[in-house]
Every structure is written in C-alpha cells, then in structure tokens.
Amino acid sequence: MTPLGAVFRPQLAPERLRSVCDVAESSGLEELWLWEDCFREGGISTAAAALAWTERVRVGVGLLPVPLRNVAITAMEVASLRRMFPGRAIVGVGHGVQDWMGQVGARVESPVTLLREHLVALRALLGGERLTVDGRYVTLDDVALDWPPEGPQGGVLAGATGPRSLRLSGEAADGTILTAATNAEGVRKARRLVEEGRAAAGREAGPHPVVVYLLTATGPDAAARLRAELVAEGLDSVPDLGVAGDAGAVAEAVERLVEAGADSVVLQPTADEPDPEGFVRFAAEDVRPLVP
C-alpha cells in the first residue's frame, strides 16, 4: 500500500499545529510532514511537538537546510527524536533556498559538496560511528553520539531537484524527497538519476524510497486556488502539475505519481487552504481508501 501523507505548511502559526495533529491522529493519517522554511518554524521543534501530541502518526521533516546546521547538532537532534519516538521520525536534509541562506550569511560556494559531506557524516553518526573528518565544509574531531538511535530507523532522506543533487541523493542518502514542482514525467527522470547515483556508489541493493509532494486543492474554489499558487510560484506552464477536485481526482493524481516511480505521496495544500484540519481529514478519510 502506498503511504499517503499531508503537509502542515509553515504559513500557519505554530500554535495551530496541535489541532492538526489531533485530526491526523484521530482520522488515521499515516504521515504528517513539516517544513523548516525560513523564517517561519523550526523543523526539529515542531516535529518533537507533533510526535509528542500523537501516538502512531509518522512525522516527516522535509527538509532541514544543511547550511544552517552543524552536522553534529543535526545528528544529536535526530537521534533524540528517534530514541524518544522509535520508528516515527522521518528526516530529510537539503541545500535550502539559496536566497534564504544568503540572508543569514550561510550561503556556500558549493552546495552539492556541503550536502555530500553532511549526508555522509550524518548517516555515520546516526549509525553509531566515531568520526574524524576534515572536509571542505564539515570538520569533526573524534566525534560520536552517546545516544545513537537503536535499530533501523529509515536513515536520512535528501531533498533534491537538479541532476547533480539527484545523483548525489542516490549515492549518499537513504531516500529522496521531490518538491511539488515535480510532475509524473519529472518523477521518472528523477528516479533514473537517483538510480544512476546508486549504481555509481554500488548501492543498488535495498530500498531507496522516493517521496513526492503533490500540490492539492479541494472544495468549491479548488481550481482557482491551485491556479493562483502555480502562477505565484512560476509553475503555471508545467503540464499536469498539482490537482484540484474531489477525492477521486486526487487519488488518480497520486496513482500517476506512483506509476512514475514515487514510493509515497504527500498531499500539499495551497498556502491559502481555508481549513487545514479539514484537509488532513480529507486526505485520511476520503483519499486514502481510494489509493491502493
């Protein structure tokens, strides 16, 4: 069965998160995803709250921008979540939006190099290794976690868009997150690039889940809201992007992404979604039964 999730968008005030978590838990939603968008809400703090307010929902952070974070801090926080809430914390890292990174003095000359170094070190630390690293961006001197996660926890996913980053995700990450700017053909291309990276690193064996966000609008003004967001994001010329309509239409859009290579799909409401709690209930109670 294809895992189905929904996003709590950080355009909503942090205090709104608890009511959304309550609905996610009671409605049977499988995954609730959070973003660390500058300059809105912290990814780890909101994930910790969401995990504490629920008992079975998996909580994804997609994604933590690595230029903002020392890899040891990332490892400590992820390990803490996974020990406190075993099997429920999904974590992705990525370049971050470069303009935002520039605003805080964290923009680097080679985002791909930084992401590679961060991924390699983060996965090793979470795996209980002791590291000494002298990289271009990541430096560690005899560092190991006192409390690494216990048992398999799903690894670390990487958010990626361009060809180099997608190949890197295949080489160095345990899964890939694709943005809502990815249609079915984009998923196929991304999957090929990820597999190229896996082959280059000799990592073809084992799973590499691809998570895809699907911009989704439902209700009487769904088409207008979807269109407005695509225009605002400069994506209105991309064919077959997003979906507006009832549960049947959304389920069909989910299936198209799965057929193209997605392993799980996360419904992303428009930024002006009028009923975030209702959106989560719609995903869990109306769309989920229609997705095989």
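Remember, predicted model here, so these are calculated numbers, not experimental data. (Residues numbered from 1 in each chain as written. Predicted model: local features only at pLDDT ≥ 70, side-chain atom pairs only at ≥ 80, totals over all residues. Heavy atoms only, no water.)

> How would you explain a nonpolar patch on the surface if you had to name every residue and give the values?
Nonpolar side chains collect at one region of the surface, where Phe-39, Leu-68 and Val-104 lie side by side and expose about 270 Å² of accessible area between them. Secondary-structure assignment places Val-104 in the loop between α4 (98-103) and α5 (111-126). (Patch = residues over 30% accessible without salt bridge, like charges linked within 9 Å, V, L, I, M, F, W, Y side chains within 5 Å. Areas by Shrake-Rupley, 256 points an atom, 1.4 Å probe, with all protein chains shown as cover. Salt bridge = Lys/Arg side-chain N within 4 Å of Asp/Glu carboxyl O. Helix = DSSP H or I, 4+ residues; strand = E, 2+ residues; numbered from the N terminus.)

> Describe the pattern of salt bridges, listing the residues and the values that go with them.
Following the criterion strictly, the structure yields 22 salt bridges and no others. A salt bridge links Glu-277 to Arg-16; the shortest N-O distance between them is 2.8 Å. Separated by 261 residues along the polypeptide, Glu-277 in helix α10 (residues 276-287) and Arg-16 in the loop between β1 (4-8) and α1 (17-27) bring together distant segments of the chain. One salt bridge in this structure joins Arg-58 and Glu-31, with 3.1 Å as the shortest N-O distance. Here Glu-31 lies in strand β2 (residues 31-34) and Arg-58 lies in strand β3 (residues 58-65), a separation of 27 residues in the sequence. Using a relative accessible area of 29% as the deciding quantity, one classes Arg-58 as partly exposed. (Buried < 20%, exposed > 50% of the residue type's maximum accessible area, 1.4 Å probe, protein only.)

> Explain the environment of Val-91 to me, and be specific about the residues and the numbers.
Here Val-91 is to be found in strand β4 (residues 89-94). Once the C-alpha coordinates of Val-91 and Ile-44 are considered, the two residues, 47 residues apart in sequence, prove to be 9.2 Å apart. Discounting residues that sit within four places of it in the chain, Val-91 has contacts with Val-61, Leu-64, Val-78, Arg-82, Gly-155, Val-156 and Leu-157. (Contact = heavy atoms within 4.5 Å.)

> How would you sum up α5? Please name residues and give values.
Its 16 residues give α5 an end-to-end C-alpha distance of 22 Å, which sits within 8% of 22 Å, the value for a rise of 1.5 Å per residue. Of all the positions in α5, only Val-112, Leu-114, Leu-115, Glu-117, His-118, Leu-119, Ala-121, Leu-122, Ala-124, Leu-125 and Leu-126 are classed as buried. For α5, the elements touching its buried residues are α3 (71-84), β4, β5 (131-134), β6 (139-143), β7 (157-159) and α6 (163-172). Directly after α5, the chain includes Gly-128, whose backbone phi takes a positive value near 90°. (Expected span 1.5 Å × (residues − 1).)

> Can you lay out the nonpolar core for me, pointing to particular residues and giving the numbers?
Core analysis: the largest hydrophobic core is formed by 79 residues, its most contacted members being Leu-267 and Val-287. In terms of residue count, the dominant contributor to this core is α5 (nine residues). Among residues more than four places away in sequence, those in contact with Val-287 are Leu-4, Ala-247, Val-250, Ala-251, Leu-267 and Phe-282. Val-7, Ala-180, Ala-222 and Leu-226 belong to the second-largest nonpolar core, a separate cluster that totals 16 residues. (Core = buried A, V, L, I, M, F, W, Y, C linked by side-chain atoms within 4.5 Å.)

> Kindly report on unusual backbone geometry, identifying the contributing residues and their values.
Cis geometry marks the peptide bond from Cys-38 to Phe-39, where omega comes out at 0°. Note on placement: Phe-39 falls in the loop between β2 and α2 (43-53). Cis geometry marks the peptide bond from Gly-62 to Leu-63, where omega comes out at 20°. Considering the arrangement of structural elements, one finds Leu-63 in strand β3. Notably, Asp-142 is not glycine yet its phi reads approximately 55°, a positive angle.

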